[in-house]
Amino acid sequence: MKRKRNLYEITNFPLDNESILLHETLFHNANGYLGVRYDFEEGYPEDYLTIRSQYLNGFYDHAPVLQPENLYGLARSKEIMPDVANTQTIRLFIEEEAFSMYSGQVLESRLTLDMDKGVTRRFVHWRSPRGREAAITITRMASFHQLSLFTIEYEITPLNFSGTAFIESGHDADVENYYDPEDPRNASDANRHIHPVHCEIREETSYITAMTSSSELTVCSCVQHRLPEGVLPEFWGDHISTLTRFNLDLVEGTATGFVKYAVFADSIRHDNCKTAAAEEMVKALSLPLSDLYYKQEVYLETYWQNCMVAIDGDDEADLALTYNLYQLNQSVTKDAYGNIAPKGLSGEGYEGQFFWDTEIYIQPFFTITNPSVSRHLIGYRYHTLDKARENARIMGHASGALFPWRTIAGGESSGFFPAGSAQYHINADIAYAVIAYYLATHDLDLILLEGAEILLETARIWLSTGTCQEETFNLLEVTGPDEYSCLVNNNYYTNVMARHHLEWVVKFHDLLKLNPAYEAMVERIGLGEGEIEAFREAALRMSLPYDEGLNINPQDDAFLKRIPWDLSQIPGDHFPLLLHYHPLHLYRRQICKQADTVLAHFLLEEAQPESVIRDSFHYYAPITTHDSSLSRSIFSIMAARLGMEEAALAYFGDLIKLDLMDLHHNTRDGIHTANMAGTYLAIVYGFGGLRIKESGLTLRPMRPSCWKGYRFNLKFQDSRLLVEVDDRQCRLTLVEGSAKSIRVYEEDYLLEGRLTIPLKTATGGPEDQKSNLPD
């Protein structure tokens, strides 16, 4: 693995099946609308398993959910992300010898992801079985300039001969989704979700219009080639596929090539998909490919400027961090019709559904680097608010909105309600993200247009989920982030997040109640002043579990009564536990799949005194398995918060290369977007100590001793700031915008140009450092 600026490259890459599946994910192309797994255009040996797929963000079909008990309200169908087409196929024949990396001899190969140019590139120096040598370079791009567009630039340079190449380029909709009945994180049944309804070739362009099996959505994929002057293609097609065939004259030492353009249009975003696809193709061909490449670079230059973060003194970690942030940009929607899935647009893990990961792990990154993306993500939740209202009625709530645990278009797609629909904290998570966006931007217009209605409708659910007993408000039969404890009373995370939610509903109401637009919305949803008072009272009386003897926040009312379980006694091959133990076996034990109470202490640290946060961290660290990729980043952040440098860095080291090193052994199913965002949070919110509160922006920076330093940009309200930390000091620079009041190490400063503040040492003691190192 070579280290270059924003370049991830593997030379002489392996060709075994497992490596191919991994590289399908790691080198996929995406732009937030379309995603294409990285497959060799020419294909693989017949006995290879591959997941050769292309996806569209927000485009979905329905699949059945088989419930053994016909109980009311359980999900009977789920929304899944279908594979929509295959536009990757290109078969090359050199003087009738088929190019394949599995025949002849590969003398040299490189697989490159260029994160400044926004392309992947495969270079192969190939010797055919008959001794002809050629250099083949294939460059792929999912355009950020034109989201519908995917290009393949194919170049052949004969090295020891002149002759003829024959090309066969395919376009088909004969596609199926991947399934794995052994892994509950993937689809368990084989289903064909896309059915071609019309296929034609017109003016050297192929069009395939297809319809989903159940959701009745349509998608049109369109393919055209740009060939060397004088090359005349031939076309063939049937009802599901087309082929474009042509010959190329090869001259020794001279590069010859062509470009394959593919565009997509779906019925969620367009009234007529075929017409839209034709227009998108005209748009794509109106610019030379060099101009499209240039626009890709310009877009990414702005992206990297906004979200710049760098580690000085650890090149491998810095490269992995860059890779992670690039993948977030590839994965996140660029409109309000999509979102960002746990696997992005790189694979079918979790069937492409959206979770709370967006609001708690990923949106914080975009809110302080590219807030327009956060606006889209809030817009997506607003776009599906009516569906959330429907879901609330199914769940027995007479008013309000309850967002589904996992979804694409707004319908609940969780088949196992104890660890799915019962996670009511999804409402508080979405509210938290809206509030955090407001604190970082002061964009009150978005609150008026969308945010306030989301907050009010979701707040109503708390009043009908809980009850007031003995002067406290209790939330009953809910599940927190830890899916190894389900259907509990007073989950600390859920309760403290719900309190935060309710408090801010009251604050926004007091701020906006005289605004005509707000008054009209309140009247439309039938909100009474009595409800606002009920919100205020519930927040005031919210139960927050606390154990005086241990000085911790128990995860829920019964957590400390459960059976202790020593993680060191569990066989190493039994992780993740969810694949080896019955859920009830896990629910009865003091064991955590991921950060729960510790996550609450990160998000709402002012809810508890320092001693409770510290003692709780010590309590939960030894009993948390980190079976979820969402967990280690939070423990790293809180270890840094508590001055435990060694532990913070150990957790960080485990998460930064999770996908590049396939540490969970499932990256073939897709990247882990929440963990990728977590690596950013671990630096900026962990080592940097950033918090954005109602009182303003605060920092508590520390420097891991094995790093020379680190630096990052962030946007706060109308300003852009640069934070640089080295071994002696923290430098703050106002790059653009108005002066800002900033609190650093509990001291107030006014940042007008540049501030230099001496670095303080970590405060964690020796026992803190030793007792909480991850396994």
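Residues numbered from 1 in each chain as written. Predicted model: local features only at pLDDT ≥ 70, side-chain atom pairs only at ≥ 80, totals over all residues. Heavy atoms only, no water.

Asker: Could you give an account of helix 11 (residues 516–525), naming the residues involved and the relevant values?
Answerer: Looking at helix 11, one finds that the buried residues are Y518, M521, V522 and I525. Seen from one end, helix 11 has its buried residues packed into an arc of 100°, which puts them on one side. With respect to the buried face of helix 11, the exposed residues turned more than 90 degrees away are P516, E523 and R524. At its buried positions, helix 11 is contacted by helix 7 (385–394), helix 9 (444–465) and helix 10 (492–512). (Buried < 20%, exposed > 50% of the residue type's maximum accessible area, 1.4 Å probe, protein only. Helix = DSSP H or I, 4+ residues; strand = E, 2+ residues; numbered from the N terminus. Arc of directions from axis to C-beta. Contact = heavy atoms within 4.5 Å.)

Asker: Which residues make up the environment of V506, and what values go with them?
Answerer: Note that V506 resides in helix 10. On the basis of relative accessibility, which here comes to 5%, the residue V506 falls in the buried class. Through-space distance from the C-alpha of V506 to that of F161 is 77 Å; in sequence the pair is 345 residues apart. Aside from chain neighbours lying at most four places away, what touches V506 is I532, F535 and R536.

Asker: Please set out the sheet that holds strand 3 (residues 29–30) residue by residue, giving values where relevant.
Answerer: Within a sheet, adjacent strands bond to each other through the backbone by hydrogen bonds, running parallel or antiparallel. The 3 strands lie next to each other as 3-4-5, forming an open sheet whose pairing is antiparallel. Edge strands, defined here as strands with exactly one partner in the open sheet, are strand 3 and strand 5 (54–56). Judged from the 2 bridges that link them, strand 3 and strand 4 (residues 34–36) form a sheet pairing that is antiparallel. Looking across to strand 4, one finds that N29 is bridged to V36. (Pairing = 2+ DSSP bridges.)

Asker: Please set out helix 6 (residues 371–383) residue by residue, giving values where relevant.
Answerer: Across its 13 residues, helix 6 extends 18 Å between first and last C-alpha, which sits within 8% of the 18 Å expected from 1.5 Å per residue. Regarding helix 6, the residues found buried are P371, V373, S374, L377, I378, G379, Y380 and R381. Residues of helix 6 that are buried make contact with helix 5 (357–367), helix 7, helix 8 (425–441), helix 9 and strand 28 (709–716). (Expected span 1.5 Å × (residues − 1).)

Asker: Tell me about a nonpolar patch on the surface, residues and numbers included.
Answerer: Together, Y72, I394 and M395 make up an exposed nonpolar region whose accessible area comes to about 320 Å². Among the structural elements, Y72 can be located in the loop between strand 6 (61–64) and strand 7 (77–80). (Patch = residues over 30% accessible without salt bridge, like charges linked within 9 Å, V, L, I, M, F, W, Y side chains within 5 Å. Areas by Shrake-Rupley, 256 points an atom, 1.4 Å probe, with all protein chains shown as cover. Salt bridge = Lys/Arg side-chain N within 4 Å of Asp/Glu carboxyl O.)

Fair warning: the whole summary comes from geometry, so function is off the table for now.
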